[in-house]
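Letter by letter, the chains look like this.
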2 protein chains.
Amino acid sequence: MSRGRRPEHSREKILEIGAELFTRNGYHATGIKEILAECGVPKGSFYNFFASKEHFAVEIIQHYQSIELERWTEQLERQQGSHFEKINMILQAETERYSNAESGTCGCLLANLSGEVSQASPMFKQAILDSINRVIQDIERDIQICQDEGSVRTDIEAKAIAEIIWDNWQGSLLRSKVLDSVEPLRNHQLTFMKLIAR
Amino acid sequence: MSRGRRPEHSREKILEIGAELFTRNGYHATGIKEILAECGVPKGSFYNFFASKEHFAVEIIQHYQSIELERWTEQLERQQGSHFEKINMILQAETERYSNAESGTCGCLLANLSGEVSQASPMFKQAILDSINRVIQDIERDIQICQDEGSVRTDIEAKAIAEIIWDNWQGSLLRSKVLDSVEPLRNHQLTFMKLIAR
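Residues numbered from 1 in each chain as written. Chains lettered and ligands numbered in written order. Predicted model: local features only at pLDDT ≥ 70, side-chain atom pairs only at ≥ 80, totals over all residues. Heavy atoms only, no water.

Enquirer: I would appreciate a short explanation of the interface of chain B and chain A in the present structure.
Expert: Contact residues are listed per partner, giving 40 residues for chain B and 40 residues for chain A. With both chains or domains summed, chain B and chain A bury close to 3,500 Å², and 61% of this area falls on carbon and sulfur atoms. Area buried by chain B at its contact with chain A is led by B:Arg175, B:Val178 and B:Leu195, which between them contribute 19% of it. Taken together, the connections running from chain B to chain A amount to four salt bridges. Notably, a salt bridge pairs A:Lys125 with B:Asp180, separated by 3.3 Å at the nearest N-O pair. The interface formed by chain B and chain A contains ten residue pairs in polar contact (both at pLDDT 80 or more). (Contact = heavy atoms within 4.5 Å. Buried area = accessible area lost by both parts, 1.4 Å probe. Salt bridge = Lys/Arg side-chain N within 4 Å of Asp/Glu carboxyl O. Polar contact = N/O pair within 3.5 Å; in protein donor to acceptor, adjacent residues only side chain to side chain.)

Listed below in structure tokens is the structure:
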């Protein structure tokens, strides 16, 4: 190994730092300069990996989502009880995770980026939309299982419930940011889930 | 009247245009220059009215809220039926209002500004927080009336329901922006309200 050689900048590491910055400060307020400084990456290396800040953001959305979905599946497998009980326990664990997070980072990437779509390009907007639709599909599948096991009310279609769960979680995250407290997330888990229980 | 004299710039008019700009583009992306240009107001006049962009934003939040609350009360008085039916009709009317609005303006000022609080000053953050708490208190009062008339379930406290209504509406607004459709707002009115009905 030659002395003074820079360590390899992992593509994944840059995506992770980017996700953190975008979650904390939003897309528009995060400059390429800041991303480079935070990652310790020279401009050239960055542009070897990503064609533009916009392409970078789209990849972050996809990368972040695959991590989150994997985490969700792993947690489901680890929990005991009915499917509905498992979901409730995961939501409780997520709330705790946020409550231990550094102040100001509370909020998910999609919630933060969604607020900026009116100024976003079609490609960026489409990536957020695909990502949200994918999550809602997964929630719908979970709710379908709950309805089949008899733990969630069946007078409303699984898809409509899934959309409401997502919207309510996003709204709770938004209010959590303003309150600087996970209380709205707790309310989502304790009260909202009671509304859909059978 | 002397010729060439500029018309009086009404304070209220500047607040209204500011609310539109902040709703459309957010706080940070809206510059003082843009506000001045849009209002046709010279810099000096603007600073006669408002000490800073931040003070301006705080006044907008308060101004916007008093208009919205007044509109809500007027609509309640105009509707017929039980209190719960009235609320449902207003939510339906609000959804229609958004569906007729210019694309990109879909979303309320508070939802948009809430997404930016992590970068906001304490004064700005407090104004958003006060405003949200005020709305939730009003919703709680409405839900209390619905519980008393027997139209809303009573196994959950009015306050918790009010918070969930607010969070869900905010989350629906956020997804409406991404989808460029009022479908999430319709789902809020049709499906979510069914969850709390008795």
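Enquirer: Looking at this model, I keep getting lost on the pattern of salt bridges. Mind explaining?
Expert: With the rule as written, the count across this model stands at 24 salt bridges over all chains. When the shortest N-O distance is used, the salt bridge between B:Asp167 and A:Arg175 registers 2.7 Å. Placement of B:Asp167 in helix H8 (residues 158-179) and of A:Arg175 in helix H8 (residues 158-179) is noted, with the two residues assigned to different chains. Exposure class is identical for B:Asp167 and A:Arg175. Each is buried. Salt bridges here are not isolated pairs; linked through shared partners, they connect A:Glu68, A:Arg71, A:Glu94 and A:Arg97. (Helix = DSSP H or I, 4+ residues; strand = E, 2+ residues; numbered from the N terminus. Buried < 20%, exposed > 50% of the residue type's maximum accessible area, 1.4 Å probe, protein only.)

Enquirer: Whenever I open this one, the packing of aromatic side chains confuses me. Can you help?
Expert: Pairs of aromatic rings are described using the distance from one ring centre to the other and the angle between the two planes. A complete count under the given rule lists 18 aromatic pairs over all chains for this structure. Seen in terms of ring centroids, B:Tyr98 and B:Trp169 are 6.4 Å apart; in terms of plane orientation they differ by 45°. Their pairing is tilted. Placement of the pair is B:Tyr98 in helix H5 (residues 83-100) and B:Trp169 in helix H8, with a sequence separation of 71 residues. Like B:Tyr98, the residue B:Trp169 is buried in the burial classification. Put simply, the rings of A:Phe22, A:Tyr27, A:Phe46, A:Tyr47, A:Phe49, A:Phe50, A:Phe56 and A:Phe124 pair up and form one aromatic cluster. One residue, A:Lys53, lies across the ring of A:Tyr27, its end atom 4.3 Å from the ring centre. (Phe/Tyr/Trp six-rings, centres within 6.5 Å; stacked < 30°, edge-to-face > 60°. Lys NZ or Arg CZ within 6 Å of the ring centre and 35° of its normal.)

Enquirer: Even after reading the chapter, I still don't get helix H9 (residues 183-196) of chain B, so can you show me in this structure?
Expert: At 3.6 residues per turn, the α-helix brings residues three or four places apart onto the same side. All names here are of chain B. Between the first and last C-alpha of H9 there are 20 Å, a value that for 14 residues agrees with the 20 Å anticipated at 1.5 Å per step. Burial analysis of H9 places ten of its 14 residues in the buried class, the great majority of the element. Within the sequence span of H9, burial applies to Pro 184, Leu 185, Asn 187, His 188, Gln 189, Thr 191, Phe 192, Met 193, Leu 195 and Ile 196. (Expected span 1.5 Å × (residues − 1).)

Without other data, these values stay purely geometric and don't point to any function.
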